[in-house]
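So the chains spell out like this:
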Amino acid sequence: AQTVTQSQPEMSVQEAETVTLSCTYDTSESDYYLFWYKQPPSRQMILVIRQEAYKQQNATENRFSVNFQKAAKSFSLKISDSQLGDAAMYFCAYSGLRDKIIFGKGTRLHILP
Amino acid sequence: GAGVSQSPSNKVTEKGKDVELRCDPISGHTALYWYRQSLGQGLEFLIYFQGNSAPDKSGLPSDRFSAERTGGSVSTLTIQRTQQEDSAVYLCASSLGGASAETQYFGPGTRLTVL
């Protein structure tokens, strides 16, 4: 069965600095999708970034980028120039083709002013 | 346009009572998902509707949990004879066509507290 592991329950970063959130997953599939979702205190889950496993190029969305290491089954999220509004729970997630999404337990990110 | 809405936003009930949680997906989205998020935990998949296909109920934790989706739109998650361990935030999400690569749009959730 596929699993998603986020080994950092909480992290803190100084405003304007860069932080990396870790995620590893386990699967026997070769084609799949990986996601990072953000859940602020409002509880509204928002998609931050998505990566297709067959694409070697790391996905980037403005200040958010990923380091996708397929062989190592690693999918970390880098947030550059951290802002106060980035404070939230971040969930890493995996999905096979036409399959339900499996979420990790999340990393709570604190932004220090 | 309007996003996914859920009601009520908070529900407090007594142990043993039945509760109904409602989800209004984004108009035109054929796929609808229910998740449960317990305190400090990730999202636990409950059930998935895709168009007119039979729902994937593999995540429902017990037969006290059921869900229906009427007319391919609004969905109701029903929990019968609630227990204290049912206390959690219940999240609903919808996506356009159900393919896993699609973005899921989440509602704000319903916080259920069972006393």
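Residues numbered from 1 in each chain as written. Chains lettered and ligands numbered in written order. Predicted model: local features only at pLDDT ≥ 70, side-chain atom pairs only at ≥ 80, totals over all residues. Heavy atoms only, no water.

Thoughts on the confidence of the model for chain A
Residues with a pLDDT of 70 or more make up 99% of chain A, whose mean pLDDT is 92. Per-element mean pLDDT across chain A ranges from 87 in strand β11 (residues 101-103) of chain A up to 98 in strand β3 (residues 19-21) of chain A. (pLDDT = per-residue confidence, 0-100. Helix = DSSP H or I, 4+ residues; strand = E, 2+ residues; numbered from the N terminus.)

As for the pairing of strand β7 (residues 75-79) of chain B
Each regular strand carries side chains that alternate between the two faces of the sheet. All names here are of chain B. The buried fraction of β7 amounts to five of the five residues, a majority that puts the element mostly inside the structure. Looking at chain direction, strand β3 (residues 19-24) and β7 are connected through five bridges and run antiparallel. Within the sheet, the bridge partner assigned to R22 lies in β7 and is T76. By the bridge criterion, five bridges tie strand β6 (residues 65-69) to β7 in an arrangement that is antiparallel. Paired with A67 across the strands is L77, a residue of β7. (Buried < 20%, exposed > 50% of the residue type's maximum accessible area, 1.4 Å probe, protein only. Pairing = 2+ DSSP bridges.)

Section: the state of the cysteines
Per the counting criterion, the structure on display carries two disulfides over all chains. Put simply, C23 of chain A and C92 of chain A are joined by a disulfide, and their sulfur atoms are 2.0 Å apart. Where C23 of chain A bonds to C92 of chain A through sulfur, the torsion about that S-S bond is close to -70°, and the disulfide is left-handed. Highlighted residues: C23 of chain A in the loop between β3 and β4 (24-26) and C92 of chain A in strand β10 (residues 88-96), separated in sequence by 69 residues. With respect to class, C23 of chain A is no different from C92 of chain A; both count as buried. The disulfide bridge from C23 of chain B ends at C92 of chain B, spanning 1.8 Å between sulfur atoms. (Disulfide = S-S within 2.5 Å.)

Topic: the pattern of salt bridges
Across all of its chains, the model carries seven salt bridges over all chains by this definition. With its nearest N and O atoms 2.8 Å apart, the salt bridge here joins R63 of chain A to D86 of chain A. On the criterion of sequence distance, the pair formed by R63 of chain A in the loop between β7 (60-61) and β8 (64-69) and D86 of chain A in the loop between β9 (74-79) and β10 is long-range, its members being 23 residues apart. Measuring nitrogen to oxygen at the nearest pair gives 2.8 Å for the salt bridge that ties D86 of chain B to R64 of chain B. (Salt bridge = Lys/Arg side-chain N within 4 Å of Asp/Glu carboxyl O.)

A look at the nonpolar core
In this structure, L21, Y25, W36, F75, L77, Y90 and L109 of chain A are the most contacted members of the largest nonpolar core, which totals 26 residues. At the level of elements, β2 (10-14), β3, β5 (32-39), β6 (46-52), β8, β9, β10 and β12 (107-112) of chain A are the ones that each hand at least two residues to this core. With four residues, the single largest contributor to this core is β10 of chain A. Excluding residues within four positions of it along the chain, L109 of chain A makes contact with M11, V13, V19, L21, I79, D86, A87, A88 and Y90 of chain A. Judged by nonpolar contacts, the second largest core, of 20 residues, contains V19, I26, L32 and I47 of chain B. (Core = buried A, V, L, I, M, F, W, Y, C linked by side-chain atoms within 4.5 Å. Contact = heavy atoms within 4.5 Å.)

Describing unusual backbone geometry
The omega torsion of the bond from S7 of chain B to P8 of chain B falls at -10°, within 30 degrees of zero and hence cis. Mapped onto the fold, P8 of chain B is located in the loop between β1 (5-7) and β2 (10-13).

Overview of the interface of chain B and chain A
Contacts between the two partners involve 26 residues from chain B and, on the opposite side, 21 residues from chain A. Run the count over chain B and chain A and you get zero salt bridges. Counting across the interface, chain B meets chain A through six residue pairs in polar contact (both at pLDDT 80 or more). Broken down by secondary-structure element, the contributors of at least two residues to the side of chain B that touches chain A are β4 (31-37), β5 (43-50), β8 (88-95) and β10 (110-114) of chain B. Among the residues making up the side of chain B that touches chain A, the classes are represented as nine nonpolar, 14 polar and three charged. (Polar contact = N/O pair within 3.5 Å; in protein donor to acceptor, adjacent residues only side chain to side chain. Nonpolar A, V, L, I, M, F, W, Y, C, P; charged D, E, K, R; others polar.)

A word on the layout of surface pockets
The space that makes up the largest pocket amounts to roughly 350 Å³. In terms of lining, the largest pocket is formed by 18 residues, of which the most central are Q37, L39, G40, V89 and R111 of chain B. Mapped by element, the contributors of at least two residues to the lining of the largest pocket are β10 of chain A together with β8 and β10 of chain B. Looking at the lining of the largest pocket element by element, the count peaks at three residues for β10 of chain B. Split into classes, the residues belonging to the lining of the largest pocket amount to eight nonpolar, seven polar and three charged. (1 Å grid on protein atoms, 1.4 Å probe; cavity = no way out; pocket = protein on both sides within 12 Å on 5 of 7 lines; lining within 4 Å. Points joined across faces, edges and corners; volume = space filled by probe spheres on them.)

What about the environment of A72 of chain A?
Topologically, A72 of chain A is positioned in the loop between β8 and β9. Between the alpha carbons of A72 of chain A and W36 of chain A there is a distance of 18 Å; along the sequence they are 36 residues apart.

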